[in-house]
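Summary of structural features
Below are the chains, spelled out letter by letter.
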Amino acid sequence: MSIDGWMGAAQRIDSPNADDRSVGEAISLIVVHSISLPPAEFGGDDIVRLFTNTLDPDAHPYFSGISSLRVSAHFLIRRDGELTQFVSCLKRAWHAGLSSFNGRENCNDFSIGIELEGCDDSPFEDAQYVQLVALIKLIRTCFPIDAVVGHSCVSPGRKTDPGPCFDWQRLAVFGASLVRAL
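The following paragraphs examine the structure supplied in this document. The model shown is predicted, which means the values in this text are computed figures rather than measured ones. (Residues numbered from 1 in each chain as written. Predicted model: local features only at pLDDT ≥ 70, side-chain atom pairs only at ≥ 80, totals over all residues. Heavy atoms only, no water.)

Some details on the pattern of salt bridges
A complete count under the given rule lists ten salt bridges for this structure. The closest approach of N and O atoms between Asp-46 and Arg-49, which form a salt bridge, is 3.1 Å. Of this pair, Asp-46 and Arg-49 both sit in helix α1 (residues 46–51), separated by three residues, roughly a single helical turn. Salt-bridge contacts for Asp-126 lead to Arg-170; the nearest nitrogen and oxygen are separated by 2.9 Å. In this pair, Asp-126 sits in helix α2 (residues 126–142) while Arg-170 sits in the loop between α3 (151–154) and β11 (179–180), placing the two residues 44 residues apart along the sequence. Judged by its relative accessible area of 49%, Asp-126 falls in the partly exposed class. Ionic contacts of the salt-bridge type, sharing partners, join the residues Asp-19, Arg-92 and Asp-109 into one network. (Salt bridge = Lys/Arg side-chain N within 4 Å of Asp/Glu carboxyl O. Helix = DSSP H or I, 4+ residues; strand = E, 2+ residues; numbered from the N terminus. Buried < 20%, exposed > 50% of the residue type's maximum accessible area, 1.4 Å probe, protein only.)

Here's the deal with the side chain of Ser-15
Within the element layout of this structure, Ser-15 appears in the loop between β1 (11–12) and β2 (18–20). Classification of Ser-15 by relative accessible area gives buried; the value is 11%. Of the polar contacts made by the side chain of Ser-15, one reaches the backbone nitrogen of Asn-17; its length is 3.1 Å. Contact partners of Ser-15, with chain neighbours within four places excluded, come to Phe-51, Val-71, Ser-72, Phe-86 and Val-87. (Polar contact = N/O pair within 3.5 Å; in protein donor to acceptor, adjacent residues only side chain to side chain. Contact = heavy atoms within 4.5 Å.)

As for the packing of aromatic side chains
As enumerated under the stated definition, the model contains four aromatic pairs in all. Ring geometry for Phe-124 versus Phe-166: centroids 5.6 Å apart, planes at 80°, classification edge-to-face. Here Phe-166 lies in the loop between α3 and β11 and Phe-124 lies in the loop between β9 (111–117) and α2, a separation of 42 residues in the sequence. For the pair formed by Phe-124 and Phe-166, the shared burial category is buried. With a centroid separation of 4.7 Å and 75° between ring planes, the pair formed by Phe-166 and Trp-168 is classed as edge-to-face. Judged on exposure class, the residue Phe-166 and its partner Trp-168 are both buried. Clustering of aromatic rings is evident, with ring pairs tying together Phe-124, Tyr-129, Phe-166 and Trp-168. Positioned over the ring face of Phe-42 is Arg-79, at 4.1 Å from the centre of the ring. (Phe/Tyr/Trp six-rings, centres within 6.5 Å; stacked < 30°, edge-to-face > 60°. Lys NZ or Arg CZ within 6 Å of the ring centre and 35° of its normal.)

Function cannot be read off these values alone, since they describe shape.
Now the structure itself:
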């Protein structure tokens, strides 16, 4: 990872949906998400369009309700393991929304968001787990990560991702104290 928070091995697509972190805020959390656009459909550029504010609300009935959202993540891992980075790790990506972890509100302030192309009802691909493990290992060499959690853990009742098909045991190599599958 470069000094400016970008990973050279990732395809870089800048998202405008980010801002500066608070001065002195340590990055200590990784939030794992899942996303598919349209829902339960994989491939295509609609996730990129959502994260870059170019999603056509008329392209699919579902898009009319989300095209005005201003969201992003630091990383997206496609079904084949391809890695895209939208926001420097040094910036705050707008991925967790209303959230809290261990009594701290606004997880975007102190977390890195990783989206997996997927949904609650489909297993994730081996290539995604391989890339996710490698990415988490790299992030942990750069930042004092205390936990790896699902979006559902920091936004319970509001979010369900990465969902019941996500295999948290594959991340057990990071130690039970870091992985929270709630």
